[in-house]
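If you want the building blocks of each chain, they are given just below.
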Amino acid sequence: MSFPDNKLTVRSPADLVTAVPYLLGFRPGDGSIVVIASRDRRIVFAARSDLPAPGAPASHLLDLTANLVPVVRRQQPITDLIIVGYGDADHLDPALHTLGEAFTESGMTVRDLLRVTGSRIVNLTCDNPACCPPQGTPFDPTASLVAVQATAAGLVVLPDRAAVAARFAAVDGAARDRMRDATRAAADRLKALNAAGGTGINEAGAHAVRDALRQHDRGNRLTDDEVAWLTLLLKRPSVRDRAVDLTQPHDRHITFWADVTRRAEEPLVPAPATVLAVTAWRCGDGALAALAADRALQADPTYQLADLLRQALHAGLPPSVFQQAFTTGRTNPATE
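Residues numbered from 1 in each chain as written. Predicted model: local features only at pLDDT ≥ 70, side-chain atom pairs only at ≥ 80, totals over all residues. Heavy atoms only, no water.

## Considering the pairing of strand β5 (residues 120–123)
Working note: regular strand, side chains alternate between the two faces of the sheet.
For step 1, the next point in the chain: When strand β4 (residues 110–117) meets β5, the two strands line up antiparallel, connected through four bridges. The partner of T117 across the bridge, within β5, is R120.
For step 2, the next point in the chain: Counted between consecutive antiparallel strands, the loop separating β4 from β5 contains two residues, among which G118 sits at a positive phi close to 60 degrees.
For step 3, the next point in the chain: Inspection of the sheet shows β5 paired to strand β6 (residues 137–138) by two bridges, in the antiparallel sense. Within the sheet, the bridge partner assigned to I121 lies in β6 and is T137. (Pairing = 2+ DSSP bridges. Helix = DSSP H or I, 4+ residues; strand = E, 2+ residues; numbered from the N terminus.)

## Comments concerning the pairing of strand β2 (residues 42–50)
For step 1, the next point in the chain: Two elements, strand β1 (residues 32–39) and β2, share eight bridges in a ladder whose sense is antiparallel. Its bridge partner lying in β2, I33 is registered against S49.
For step 2, the next point in the chain: Here β1 folds back onto β2 in antiparallel fashion, the turn holding two residues, of which D40 has a positive phi close to 55 degrees.

## Side note on the pattern of salt bridges
For step 1, the next point in the chain: Under the counting rule described, the total for this entry stands at 16 salt bridges.
For step 2, the next point in the chain: For D50, the salt bridge goes to R48, with nearest N and O atoms at 2.7 Å.
For step 3, the next point in the chain: Classification of D50 as partly exposed rests on a relative accessible area of 47%.
For step 4, the next point in the chain: Residues R295 and E266 are paired through a salt bridge, measuring 2.7 Å at the closest nitrogen-oxygen approach. Taken together, the residues span a long stretch of sequence, with R295 in helix α12 (residues 286–299) and E266 in the loop between α10 (251–263) and α11 (270–282) at a distance of 29 residues. (Salt bridge = Lys/Arg side-chain N within 4 Å of Asp/Glu carboxyl O. Buried < 20%, exposed > 50% of the residue type's maximum accessible area, 1.4 Å probe, protein only.)

## Regarding helix α8 (residues 224–233)
For step 1, the next point in the chain: The buried count for α8 comes to seven of ten residues, which makes it a mostly enclosed element.
For step 2, the next point in the chain: Those residues of α8 lying buried are V227, A228, W229, L230, T231, L232 and L233.
For step 3, the next point in the chain: Contacts from the buried residues of α8 go to α6 (173–196), α7 (200–217), α9 (237–246) and α10. (Contact = heavy atoms within 4.5 Å.)

## Thoughts on the sheet that holds β5
For step 1, the next point in the chain: Strands sit in the order β2-β1-β3-β4-β5-β6 across an open sheet of six strands; the sheet is mixed. Among the strands making up the open sheet, the edge pair consists of β2 and β6.
For step 2, the next point in the chain: In the sheet, β1 pairs with strand β3 (residues 80–86) via six bridges, with the strands oriented antiparallel. Bridge assignment links V35 to a residue of β3, and that residue is I83.
For step 3, the next point in the chain: On the sheet, helix α2 (residues 58–73) packs against β1, β2 and β3 and is oriented at approximately 160 degrees with respect to β2. (Axes fitted to C-alpha atoms, helices over the stretch in contact; angles between N-to-C directions.)

## A word on the packing of aromatic side chains
For step 1, the next point in the chain: Evaluation of the coordinates by the stated rule reveals one aromatic pair.
For step 2, the next point in the chain: Measuring from centroid to centroid gives 4.8 Å for F256 and W257, while their planes differ by 80 degrees, and the two rings are edge-to-face.
For step 3, the next point in the chain: Given a relative accessible area of 3%, F256 falls into the buried group.
For step 4, the next point in the chain: Take W257: its relative accessible area is 0%, and that puts it in the buried class.
For step 5, the next point in the chain: Of note, R189 hangs over the ring of W229, and the distance from its end group to the ring centre comes to 3.8 Å. (Phe/Tyr/Trp six-rings, centres within 6.5 Å; stacked < 30°, edge-to-face > 60°. Lys NZ or Arg CZ within 6 Å of the ring centre and 35° of its normal.)

## What to know about the side chain of Q75
For step 1, the next point in the chain: Locating Q75 in the fold gives a position in the loop between α2 and β3.
For step 2, the next point in the chain: Not counting residues up to four positions away in its chain, the partners in contact with Q75 are R39, F45 and G316.

## Examining the packing of helix α1 (residues 13–24) against helix α4 (residues 145–152)
For step 1, the next point in the chain: In the contact formed by α1 and α4, the axes pass within 8 Å of each other and the chain directions differ by 30 degrees. In this view, α1 runs roughly parallel relative to α4, as classed from their interaxial angle. Between α1, through D15, T18, A19 and Y22, and α4, the contact on the second element is made entirely by V146, A147 and A150.
For step 2, the next point in the chain: Taken together, the residues of the contact of α1 with α4 break down into five nonpolar, one polar and one charged. (Parallel < 35°, antiparallel > 145°, perpendicular 65-115°, else oblique. Nonpolar A, V, L, I, M, F, W, Y, C, P; charged D, E, K, R; others polar.)

## Focus: unusual backbone geometry
For step 1, the next point in the chain: The backbone of D40 sits at a positive phi, close to 55 degrees, despite the residue not being glycine.
For step 2, the next point in the chain: With respect to the helices, strands and loops of the structure, D40 is situated in the loop between β1 and β2.

Structure, rendered in structure tokens:
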């Protein structure tokens, strides 16, 4: 089994468990469930969710299952699934069996149910003690060839979801004070541009976005004044949409929009956070995309593009579907 871009080759359950953090971008914690879909021995999709806490009503797990099954089904055609759970047997085993049965009843083939407890992997679908001992098989992710391949491919795994969110967490202290001052100055500049009327803001916005991305690509970090000016211009949907168009799906531009989101004043966070989310999604980083969309909605719960993006992510839709909706929406834009 291989990744979609053939960066990693998975030959065993231990390889697969080692690969999961590279699929997600972070290490899943106890209580996590990961559904991995493959097509002709190639991994095409992975979805992670938190299981209900121990002792939660059975309906909570059924609700989770009812949400996961259609999300995975949308990735068709799928050859088979592997479901991996993290935690102790009492919590995980009943949940894994329930999920496996639900996917099977929906017409999908579940090849393996794997539980990861500490440094052991237990295969709940194999009853041959010679290859799948009941106490589990020890594994060391650092000794796997998958880890070597991942390192060579430049793949990075963060310790948890909190570390993913930290990539665009707001700056504070002296850095925040500087951004506050720079934004006040930029606001005065914007008032003057507004007074001039015409298409000045759209033209200034397109120029600011283009120049900012070029500077970043050349290895230059924007000044506080440049970030303040850019974030104010991005409040206009047409400028934000231009930023989406000009941003390329690669790690450099993820880094750029993460930095702009970190430095933006709170009322100005939604636009750069949403552009970050779209860029991350196009790069295949669903975890970062979802957290960035959540960050935009935390700053403004009514921000329509971030809400649309989050709905698409939760539904398991591919970026191409969102792009089509985004393009269509621009032909009949709504006021934000």
